[in-house]
Amino acid sequence: LGPEGVHEGCGLFLDERRKAIPRDRLRWTRRAFPRAELRELLAEAQADCPIRLSHNDVVAAWLWRTHVPEWADPREPLAFLSCPVDLRRTLPGFPPTYFGCAVALASAQVERGPLAGSSLADLARRVRDAVAGVDEARARRSMQVIERLRRHDGLAGLERLHVVHPRAGLLVTNLSRLPVREIVFDAGPPGAFDILAPAERCAVVLPADDGLDVRVCLPVA
């Protein structure tokens with residue numbers, strides 16, 4: 001189970017042990033995507049892409065192209081985009097109101113050098129292909145790889161797993177598509193939700209009254 005085998009098997013990155021990062025070494029940026037702009041971006045990408053794209057594909061591609069070139073290590077030949085995929089749609093047995101880590105990672109990649117000049121259509125297609133590739137077989141294989149690493153290397157091995165490439169990657173989590181309002185807690189369904197824990201090189205897509213509200217957590221230059 002080397003880095004390539006782990007990435008191929010479950011979409012995670014096996015690298016140096018994860019290090020705690022002080023909050024003052026992280027910064028949040030915020031970007032609103034009104035519905036009108038989302039329609040324009042989707043139309044731009046769809047015009048040059050033969051497969052049907054979603055707003056998630058296009059927003060993830062825009063974030064990938066905009067943010068990763070700012071800080072990616074120039075020694076890395078590739079740049080990565082990771083997206084958690086909800087397993088409840090692919091694995092039987094999960095009730096619709098299940099609330100937990102029922103996810104697998106989809107991972108797309110492109111040459112790091114040309115990333116900033118890549119077309120939105122090309123990047124969005126890579127995202128779409130990666131997400132579509134997470135089927136039931138892929139989800140089960142992902143869990144098997146992680147369990148194999150846990151049994152072989154224990155906690156030390158799991159502490160070397162990264163959900164985002166540590167030097168040239170971005171993780172985009174789309175919570176606007178998560179059925180949070182269907183989850184009934186003791187006081188009823190939540191009225192709103194927000195992101196409280198910062199995670200380096202991660203973007204979170206939240207619903208907004210007019211479109212999407214995107215928060216991006218990046219390392220301080």
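This is a predicted model, so every value here is computed, not measured.

Enquirer: Whenever I open this one, the sheet that holds strand E3 (residues 78–86) confuses me. Can you help?
Expert: One key point about sheets: their strands pair by backbone hydrogen bonds, in either a parallel or an antiparallel sense. Spatial ordering of the open sheet is given by E2-E8-E7-E6-E3-E4, a layout of six strands whose pairing is mixed. In this open sheet, the two strands that pair with only one neighbour each are strand E2 (26–33) and strand E4 (103–111). Shown here is a sheet whose adjacent strand axes are inclined to one another by a mean of 20°, direction ignored. Taken together, the seven bridges between strand E7 (residues 202–208) and strand E8 (residues 211–219) define a ladder with antiparallel strand orientation. Paired with Pro 207 across the two strands is Leu 212, which belongs to E8.

Enquirer: Explain the packing of aromatic side chains to me, please; I cannot follow it from the model alone.
Expert: How two aromatic rings sit relative to each other is set out by the distance from centre to centre and by the angle between their planes. According to the stated counting rule, one finds two aromatic pairs in the structure shown. With 5.1 Å between their ring centres and 70° between their planes, Phe 13 and Phe 80 make a pair best called edge-to-face. Here the residue Phe 13 occupies a position in strand E1 (residues 13–14), and Phe 80 occupies one in strand E3, the gap between them amounting to 67 residues. An angle of 90° between the planes, with centres 5.2 Å apart, marks the rings of Phe 33 and Trp 62 as edge-to-face. Of the two residues, Phe 33 sits in strand E2 while Trp 62 sits in helix H3 (residues 55–71), which places them 29 residues apart along the sequence. Here Phe 33 matches Trp 62 in class, with each residue buried. The aromatic ring of Phe 33 is capped on one face by Arg 31, whose charged end is 4.4 Å from the ring centroid.

Enquirer: How should I be thinking about helix H1 (residues 3–10) in this particular structure?
Expert: Each full turn of the α-helix corresponds to 3.6 residues, which orients residues three or four apart in the same direction. Among the residues making up H1, those that are buried are Val 6, His 7, Gly 9 and Cys 10. Its buried side turned inward, H1 meets E1, E3, E4, helix H5 (136–158) and strand E5 (161–162). At the C-terminal side of H1, Gly 11 shows a positive phi close to 85°.

Enquirer: Sorry if this is basic, but what is going on with the environment of Ile 51 here?
Expert: When you line up the elements, Ile 51 lands in the loop between helix H2 (35–47) and H3. Apart from residues lying up to four places away in sequence, Ile 51 is in contact with Gln 46, Arg 125, Arg 128 and Asp 129.

Enquirer: Explain unusual backbone geometry to me, please; I cannot follow it from the model alone.
Expert: A negative phi holds for most residues other than glycine; trans holds for most peptide bonds. In the Ramachandran plot, Arg 201 falls in the positive-phi region, its phi being about 60° despite a non-glycine side chain. When you line up the elements, Arg 201 lands in the loop between strand E6 (169–174) and E7.

Enquirer: How should the nonpolar core be read in this particular structure?
Expert: In a soluble, globular protein the nonpolar side chains are often hidden away together inside. Membership of the largest hydrophobic core comes to 46 residues, with the highest contact counts inside it found for Phe 33, Val 59, Leu 63, Trp 64, Leu 81 and Val 172. At the level of secondary structure, the elements contributing two or more residues to this core comprise H2, H3, E3, E4, helix H4 (120–132), E6, E7 and E8. Beyond its immediate sequence surroundings of up to four residues, Val 172 is in contact with Ala 60, Leu 63, Leu 81, Ser 82, Cys 83, Pro 84, Ala 203 and Val 205. The next biggest cluster of nonpolar side chains, apart from the first, holds 11 residues, and it includes Leu 14, Val 145, Leu 149 and Cys 202.

Enquirer: Sorry, what's going on with the environment of Cys 83 here?
Expert: Relative to the helices and strands, Cys 83 resides in strand E3. The exposure class of Cys 83 is buried, given its relative accessible area of 5%. Along the chain, Cys 83 and Cys 202 lie 119 residues apart, while their C-alpha atoms are 9.9 Å from each other. Once residues lying within four places of it in the same chain are set aside, the contact partners of Cys 83 are Ala 60, Ala 104, Leu 105, Ala 106, Val 127, Val 131, Leu 171 and Val 172.

Each value, and the rule that gives it
- Residues numbered from 1 in each chain as written.
- Predicted model: local features only at pLDDT ≥ 70, side-chain atom pairs only at ≥ 80, totals over all residues.
- Heavy atoms only, no water.
- Pairing = 2+ DSSP bridges.
- Helix = DSSP H or I, 4+ residues; strand = E, 2+ residues; numbered from the N terminus.
- Axes fitted to C-alpha atoms, helices over the stretch in contact; angles between N-to-C directions.
- Phe/Tyr/Trp six-rings, centres within 6.5 Å; stacked < 30°, edge-to-face > 60°.
- Buried < 20%, exposed > 50% of the residue type's maximum accessible area, 1.4 Å probe, protein only.
- Lys NZ or Arg CZ within 6 Å of the ring centre and 35° of its normal.
- Contact = heavy atoms within 4.5 Å.
- Core = buried A, V, L, I, M, F, W, Y, C linked by side-chain atoms within 4.5 Å.

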